[in-house]
Each structure stands twice: as structure tokens, then as C-alpha cells.
Amino acid sequence: MARQDTIPNVPNADVPRVKKDFEDEGATVVVTPNPDGTTSKIVATFP
Amino acid sequence: MKRIILLLVPLVLRACAAVTGYPKQPQSLPTTITSLDNNTLSALIAEYNNTNTSADRKKTIRNRIIYSDISQIDQKFNDFKVRLNSQENILSIGADFTALTLAGLGATVASAGTKAALAAASAGVIGAKAGIDKDVLYQKTITALVTEMEAQRSQVFARIITNTNSDVAKYPLEAASKDLQDYYQAGTLVNALEGVNQSAGEKAQAADAKVAKALSANYSYTDLSKKIESYWKPDGIRNDENAKQIKDCMKQVKTRADSITMFINSEAGTESERSAVISCLGLPK
């Protein structure tokens, strides 16, 4: 059963680290930059 | 006045009973076309049970009986729908309205002054409005239940019609009889209520499942997060054994987050939970 975790406001400087953490746990990650230009939304889908 | 009231009652009831919402059916439809009379039915069953009857003939007999029963059940169901939508409901409105009208008129007649008479008449009208609202609610409930009955009947009907293509070895008359019973039961109020309850339960479960599968929480990355992350990835390299220990501790603490990443990088992991996990891992604080 698929599960989805979302962190809507990750500072852009931390995005690569958080993305890598999710990927290390086996998730497929989608990063969407927020309009504020400083944060991004990270959506991780676990199989 | 009493004479006028007595004349009014049958007029109101008769006017209401005439409103059924269904046109009259032609006499030839639908039962007389396919329904079998008892003598023919007995003869066909006897022929079906005869060991000399061929499989093809048995199939034809079985299907004739099926269509006859379907036709009769349909006719009974249609009658049932007409009664649900007209008799009880309309008479109920009529009865409520009449009773309240009579009460209002009675009060009017009994009162001595014009003011009291008008107040009583007004109460009668307000009461009648409440009676109609109640019956409109009844009407909507009946409509929903009839929709449920028709949906369930359609499902059983499709099953029966599909099975009419099978030979009698695979779908004997006894099995058809069971399906016809199901078809009849699908058109009952009891079955409709069960279906509505089951449907509501399934929707609630589906909604719960969706909530359980999706988690969203704002970013939160603290010193306690860094401690757990250092244990998970000593020297920046993932350690699967340590990851398993972290997850075990998260289960013990009963964290909202399932993933370590969510736990250490979002508010799905609280500071007190992170502190508890660090204690569980035996790490210095």
C-alpha cells in the first residue's frame, strides 16, 4: 500500500539533504519550488 | 359547519389518492407476455425433471421459467414502488393536512372572538406546513431507498441474464431459483437499508485509509534531529542496522511519522519524541 509524506516548506539549502534522506529510505521524491523563491515542497512516495 | 367538514374530508383524501406519479399500465404489460400459468409451469417442470429430456430442451425450459419469474417479480416490484410513492405518502400528507385543518376549524368555531378564531386558524396552517415538511423528508428517504433497491436488482438481474447462456449442467434450475430469490430480495426495503448501511461503512473505511496513507507536516530540523541523523548516517553514510534500531524506537515511542526522514525533518516528529528516541537508542543527550 503506497504511502505519501509531504514537507511543504523546506528551505532550499536543505532540499538536497532531505531529498537524499527520503531516497535513502526507498521513496520516489518530487521537489516543487515555492513561489517565495526560498523554500520548496518535497513529496515522497513510498511503494 | 360540521356538515361542511364532513363533506371536506373525503374530498381531500380522494384528491390526494389520485396523485400517484405513475400513469396506468396497459393491461398486456408486462406480466401477461411472459408469465406462465400454474398448469404450464407444472408441465414444464415435469418435462425438465424427465431424464429423457435433452440438455438443449432443459435449457429452453429453464430460461422460460426464469423470464416468467423475473416478469412477475418486476410487476410486484413496480406495484410496490407505486404504493411507496403514492398511497402512504400522499395519504399521510392528506391525513395530516385534514386533521390539522379540522383542528383549526374546530378551534375557530369553538372560539367566541374573531381574534382567537384567526389565531387558531393560523396555528392550523403552520401545523400543516410542518406536516408537509415531514412528508417531503419521507419522500426523499423513499427515493433513496428505491434507488438502492433498483441498483441491487440490476446487479442480480445482470448475473441471471449472463447465466441464461450457460447449459443446465453448469446452471441448473435449482441455481436459477436461488438467484431469483436474490432478485426478489434485492427489491425489498430491508435489503435496501442493509445496502445503504454497508455502502456508508465502506465509504468511511476508504476515507480512513486515505488519511492513514498521507502525512503532511511543516519543516522542522533541530539539534535533536541532527543527533538521530548522525546515528542513522555516521560519517554521512547510511547504516541500515542503525536505521532499523531507530525505526524500532520510533515504534516504541509511537511517533506519527513512519519514515525516519519525516521524523527528523518535520513537525511529524516532536522534540519530546526525538528526545525519547535518543534515550531509547542509548545515545548521550
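Above this text is the structure in question.
My aim in this report is to walk through the structure given alongside it, one point at a time. The structure presented is a predicted model; accordingly, all values stated were derived computationally and were not measured.

Right, let's get into the overall build of chain B. When helices and strands are tallied, chain B shows 12 helices and 1 strand. Across the 285 residues in chain B, those meeting the buried criterion constitute 19%. Contacts in chain B between residues far apart in sequence, at least 24 positions, make up 72% of those at least 6 positions apart.

Tallying secondary structure elements over chain A gives 1 helix and 3 strands in all. Going residue by residue from the N terminus, the α and β elements of chain A occur as β-α-β-β. A burial count over chain A gives 23% of its 47 residues as buried. By sequence separation, contacts in chain A at least 24 residues apart represent 48% of the contacts at least 6 residues apart.

Now for the pairing of strand S2 (residues 28-33) of chain A. Two faces make up the sheet, and in a regular strand the side chains alternate between them. Residues and elements named next belong to chain A. Note that S2 and strand S3 (residues 39-46) share 6 bridges and pair antiparallel. Bridge assignment links proline 33 to a residue of S3, and that residue is serine 40. Hairpin remark: S2 followed by S3, antiparallel, with 5 residues in the connecting loop; positive phi at glycine 37, about 80 degrees.

All names here are of chain B. Where helix H9 (residues 223-232) meets helix H12 (residues 271-281), the closest approach of the two axes is 9 Å, and the angle between their N-to-C directions is 35 degrees. As for the relative orientation of H9 and H12, their crossing is left-handed in sense. Between H9 and H12, the residues in contact are Leu224, Ser225, Lys227, Ile228 and Tyr231 and Glu271, Arg274, Ser275, Val277, Ile278 and Leu281, respectively. Of the residues that constitute the contact of H9 with H12, the class distribution is 6 nonpolar, 2 polar and 3 charged.

Let us now look at the pairing of S3(A). With 7 bridges joining them, strand S1 (residues 3-11) of chain A and S3(A) adopt antiparallel strand pairing. Directly across from Gln4(A), in S3(A), lies its bridge partner Thr45(A).

Moving on to the interface of chain A and chain B. Note: interface size is frequently given as the accessible area lost on complex formation between the parts. Listed as interface residues are 18 residues of chain A and, on the opposing side, 16 residues of chain B. Looking at the side of chain A that touches chain B residue by residue, the class counts come to 9 nonpolar, 3 polar and 6 charged. By the bridge criterion, 3 bridges tie S1(A) to strand S1 (residues 214-216) of chain B in an arrangement that is parallel. The partner of Gln4(A) across the bridge, within S1(B), is Ala214(B).

Okay, the packing of helix H3 (residues 38-49) of chain B against helix H4 (residues 55-85) of chain B next. All names here are of chain B. Orientation of H3 relative to H4, taken along the N-to-C sense of each, is 145 degrees, at an axis distance of 9 Å. Handedness of the crossing formed by H3 with H4: left-handed. Along the contact surface, H3 presents Leu41, Leu44, Glu47 and Tyr48, while H4 presents Lys58, Ile61, Arg62, Arg64 and Ile65. Residue composition of the contact of H3 with H4, by class: 5 nonpolar, no polar and 4 charged.

Residues and elements named next belong to chain B. Taking 1.5 Å as the rise per residue, helix H7 (residues 173-186) with 14 residues should run 20 Å; its terminal C-alpha atoms sit 20 Å apart, in good agreement. Looking only at H7, the buried set comprises Leu173, Ala176, Leu180, Tyr183 and Ala186. One face of H7 carries all of its buried residues, which in axial projection span an arc of 125 degrees. Away from its buried face by more than 90 degrees, H7 exposes Glu174 and Lys178.

Residue and element names in this part refer to chain B. Despite not being glycine, aspartate 235 shows a phi value in the positive range, around 60 degrees. As for its placement among the helices and strands, aspartate 235 is situated in the loop between H9 and helix H10 (240-253). The backbone phi angle of lysine 254 is positive, close to 60 degrees, even though this residue is not glycine. With respect to the helices, strands and loops of the structure, lysine 254 is situated in the loop between H10 and helix H11 (260-265).

So, about the sheet that holds S1(B). Judged by pairing direction, the sheet is mixed, and its 4 strands sit side by side in the order S2(A)-S3(A)-S1(A)-S1(B) without closing on themselves. Looking at which strands have only one partner, the edges of the open sheet turn out to be S2 of chain A together with S1 of chain B. Each strand axis lies, on average, 15 degrees off the axis of its neighbour in the sheet, ignoring direction.

What follows concerns the nonpolar core. Inside soluble globular proteins, nonpolar side chains tend to come together where they are buried. Residue and element names in this part refer to chain B. Judged by nonpolar contacts, the single largest core of 16 residues is most densely connected at Ile66, Ala176 and Tyr183. For this core, the secondary structure elements donating two or more residues are H4, helix H6 (114-163) and H7. Residues Leu224, Ile260, Phe263 and Ile264 belong to the second largest nonpolar core, which totals 13 residues.

Parameters and conventions
Counting starts from 1 at the beginning of each chain's written sequence and moves along it residue by residue. Chain A is the first chain written and ligand 1 is the first ligand written, with later ones labelled in order. Local features in this predicted model are restricted to residues whose pLDDT is 70 or higher, and side-chain atom pairs enter the listing and the counts only when it is 80 or higher, whereas totals over whole chains, interfaces and linings include all residues. Secondary structure counts use DSSP, requiring at least four H or I residues in a row for a helix and at least two E residues in a row for a strand, with both numbered from the N terminus. Comment: burial labels come from other C-beta atoms within 10 Å of the residue's own C-beta, placed from the backbone, where a count of 20 or more is buried, 12 or fewer is exposed, and between is partly exposed. By the criterion used throughout, residues are in contact when their C-beta atoms, derived from the backbone, lie within 7 Å. A pair of strands counts as paired when DSSP detects no fewer than two bridges linking them. To obtain each axis, a line is fitted to C-alpha atoms, and for helices this fit is confined to the stretch in contact; angles are then taken between N-to-C directions over 0 to 180 degrees. Crossing handedness is read from the near helix: turned anticlockwise from the far helix by less than a right angle, it gives a left-handed crossing, and turned clockwise, a right-handed one. Following the grouping adopted for this structure description, the nonpolar residues are Ala, Val, Leu, Ile, Met, Phe, Trp, Tyr, Cys and Pro, the charged ones are Asp, Glu, Lys and Arg, and the polar ones are all others, Gly among them. In a helix, the anticipated span is given by 1.5 Å times the number of residues less one. The arc under discussion is defined with respect to the helix axis, by the directions toward the C-beta atoms. Linking buried Ala, Val, Leu, Ile, Met, Phe, Trp, Tyr and Cys residues through C-beta atoms within 7 Å yields a set, and such a set is a nonpolar core.

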